[in-house]
Amino acid sequence: MNKRIRNIVIYRILPGVLLGGLLYFGSVYYEQRQELEEYNLFLETSAAVSETHYLASESFIQVLDFDLISREVFESKISDIVNDAQQGYDLLFYAEFTSLNIKEKELLEIATTSWLRGLEIFESSILTLVDEPNSQKIEENIAISIAELSIGDKAYAEFLSLMELRNEDSYVPYLYKIEYIGVEDSSARFADLLVEKAKDSSVGLFLRRDLSVTGIQFEPKQIAETEEGYFVFNKEPIVLNIVITNEGNRTEYDVVVLVLITNNSLDTVYEKNVKEASLEPGRSKTIQVDPIELEPGVEYEWLIKIEEVENEEEIDDNLYRVKGYVPIDN
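Everything in this summary refers to the structure shown in the same document. In this text the structure is predicted, and so the values were computed from the model without any measurement. (Residues numbered from 1 in each chain as written. Predicted model: local features only at pLDDT ≥ 70, side-chain atom pairs only at ≥ 80, totals over all residues. Heavy atoms only, no water.)

Per the secondary structure count, the protein chain includes six helices and nine strands. Sequence separation of at least 24 residues holds for 73% of the intrachain contacts in the protein chain that already meet a minimum separation of 6. Surface summary for the protein chain: the accessible area is close to 19200 Å², and the carbon and sulfur share equals 49%. (Helix = DSSP H or I, 4+ residues; strand = E, 2+ residues; numbered from the N terminus. Contact = heavy atoms within 4.5 Å. Areas by Shrake-Rupley, 256 points an atom, 1.4 Å probe, with all protein chains shown as cover.)

Ring pairs (aromatic) are described by centroid distance and by the angle formed between their planes. Taken as a whole and judged by the stated rule, the model has 15 aromatic pairs. Measuring from centroid to centroid gives 6.4 Å for Phe231 and Phe233, while their planes differ by 70°, and the two rings are edge-to-face. Considered together, Phe231 and Phe233 belong to a single accessibility category, that of buried residues. Counting every residue linked through ring pairs, the aromatic cluster contains Phe60, Trp115, Phe122, Tyr156, Phe159 and Tyr180. (Phe/Tyr/Trp six-rings, centres within 6.5 Å; stacked < 30°, edge-to-face > 60°. Buried < 20%, exposed > 50% of the residue type's maximum accessible area, 1.4 Å probe, protein only.)

It is worth spelling out the sheet that holds strand β6 (residues 268-279) at this point. As summarised here, the arrangement of the six strands in space is β2-β3-β9-β8-β5-β6, forming an open sheet in which the pairing is mixed. The open sheet has two edge strands, β2 (224-225) and β6, and neither has a second partner. Looking at chain direction, strand β8 (residues 300-306) and strand β9 (residues 319-325) are connected through six bridges and run antiparallel. Paired with Glu301 across the two strands is Lys323, which belongs to β9. (Pairing = 2+ DSSP bridges.)

The next thing to look at is the nonpolar core. Phe42, Phe60, Phe74, Ile126, Tyr156, Phe159 and Tyr180 are the most contacted members of the largest nonpolar core, which totals 51 residues. Not counting residues up to four positions away in its chain, the partners in contact with Tyr180 are His53, Ala56, Ser57, Phe60, Trp115, Leu119, Leu149 and Asp153. Ranked by size, the runner-up nonpolar core spans 28 residues in total, among them Phe233, Ile242, Ile244 and Val259. (Core = buried A, V, L, I, M, F, W, Y, C linked by side-chain atoms within 4.5 Å.)

Bringing the sheet that holds strand β1 (residues 211-219) into the picture now. Strand pairing in a sheet is mediated by backbone hydrogen bonds. Such pairs are either parallel or antiparallel. Taken together, the three strands give an open sheet; going across it, the order is β1-β4-β7, and neighbouring strands pair in antiparallel fashion. Unpaired on one side and paired on the other, β1 and β7 (284-292) mark the two borders of the sheet. Here the average twist between neighbouring strands, direction ignored, is 20°. Sheet topology places β1 next to strand β4 (residues 238-246); eight bridges connect them, and they run antiparallel. Its bridge partner being in β4, Gln217 is matched across the sheet by Asn241. (Axes fitted to C-alpha atoms, helices over the stretch in contact; angles between N-to-C directions.)

Here the focus is the packing of helix α2 (residues 71-93) against helix α3 (residues 103-131). Viewed as axis vectors pointing N to C, α2 and α3 meet at an angle of 160°, and their least axial separation amounts to 9 Å. Relative to α3, α2 is oriented roughly antiparallel. Classified by chirality, the crossing of α3 by α2 is left-handed. Counted together, Arg71, Phe74, Glu75, Ile78, Ser79, Ile81, Val82, Ala85, Gln86, Tyr89, Leu92 and Phe93 of α2 and Leu108, Glu109, Thr112, Thr113, Leu116, Leu119, Glu120, Phe122, Glu123, Ile126, Leu127 and Asp131 of α3 form the full contact between these two elements. A per-class count over the contact of α2 with α3 returns 14 nonpolar, four polar and six charged. (Parallel < 35°, antiparallel > 145°, perpendicular 65-115°, else oblique. Left-handed = near helix turned anticlockwise from the far one by under 90°. Nonpolar A, V, L, I, M, F, W, Y, C, P; charged D, E, K, R; others polar.)

On to the packing of α3 against helix α4 (residues 138-167). Close contact between α3 and α4 brings their axes to 7 Å; oriented N to C, the two are set at 155°. Looking at the two axes, α3 sits roughly antiparallel to α4. The two elements α3 and α4 cross, and the hand of that crossing is left-handed. Looking at the contact of α3 with α4 residue by residue, the class counts come to 20 nonpolar, seven polar and eight charged.

Next up on the list: unusual backbone geometry. Trans peptide bonds make up the majority, and among non-glycine residues the majority have a negative phi. Here the amide bond leading from Glu219 into Pro220 is cis, since omega sits at -5°, within 30 degrees of zero. Residue position: Pro220 is located in the loop between β1 and β2. If you check the backbone angles, Asp254 has positive phi at about 55° while not being a glycine. Looking at the secondary structure, you find Asp254 in strand β5 (residues 252-263). Located in the positive-phi region is Leu266, a residue other than glycine, with phi close to 65°. Structurally, Leu266 is set in the loop between β5 and β6.

Before going further, it helps to spend a moment on the side chain of Glu312. Inspection of the secondary structure puts Glu312 in the loop between β8 and β9. There is no salt bridge for the buried Glu312, and the closest opposite charge comes from Arg209, which lies 7.3 Å off by N-O distance. A distance of 3.1 Å separates a polar side-chain atom of Glu312 from the backbone nitrogen of Val309. Sequence-distant contacts of Glu312, that is, excluding residues within four places in its chain, are made with Arg209, Asp210, Leu211 and Asn318. (Lys, Arg positive; Asp, Glu negative; His and termini not counted. Salt bridge = Lys/Arg side-chain N within 4 Å of Asp/Glu carboxyl O. Polar contact = N/O pair within 3.5 Å; in protein donor to acceptor, adjacent residues only side chain to side chain.)

By themselves, these observations are geometric and do not establish any function.
Written out as structure tokens, the structure reads:
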């Protein structure tokens, strides 16, 4: 090949070679930069997931103390714990580092998935165990939940070990040590002990639903009470205050109270439905009936009834009756 032809070939090929080289190295640079950005995002997300599950695991230890925790607190805390676990799962699986392929990410995914699954099964099973001790496979479900939590603990421990090695060469944010249950080998025994403890301590956790009318008070107050139990009033507008109480161990919502006043001809003089948005365990609320004026010589009956809730243990105290009248000569 003579010099002129060689120069033509070089001039035509060299730009393509240079362009290809630039594109290659540019592509490698871009991939490395993207990988670095995703890795940094993974570190940031890992720290958030770690803190979320650390706080959830601390709360989980508290709910396992069945002797000290009430049904209301247990339901609230375990629900919050499951929500936190869901948040940790979402933080990891919806983050934008899908192309990052490292062992640490895989282990953290296993941990968050197992923790969430274990907590969800635990939440749905433990109260069923207490409320319906003869339910089939409940103890088995609790054992499964404990095993899932233990798998999560083990995967997270391996994740921490690898991150500690990375920390020797580069910055790694603070990551909490987390343990819901412990090593997998002891999970079966732990589940057995947990079931026994829950059954032995079921008094506090056992669902009790009980609403009651615990008192009434007239304003102005009755001036006397007959041997037959009739209240005697002065001739003036009367207001009735009704006290309702949640004697169960769970917050009741949309509590409906019916107030009905009839005369001795069984005609309805007054009727009112009251709905209370919520009533917490052990708490009482006062409902006030609009003032009414009684006709002298007519006997009246006040009937107060709380609409029973599902599986309410005692409904006799949901109903309260009182009779009264204004004397003719008053």
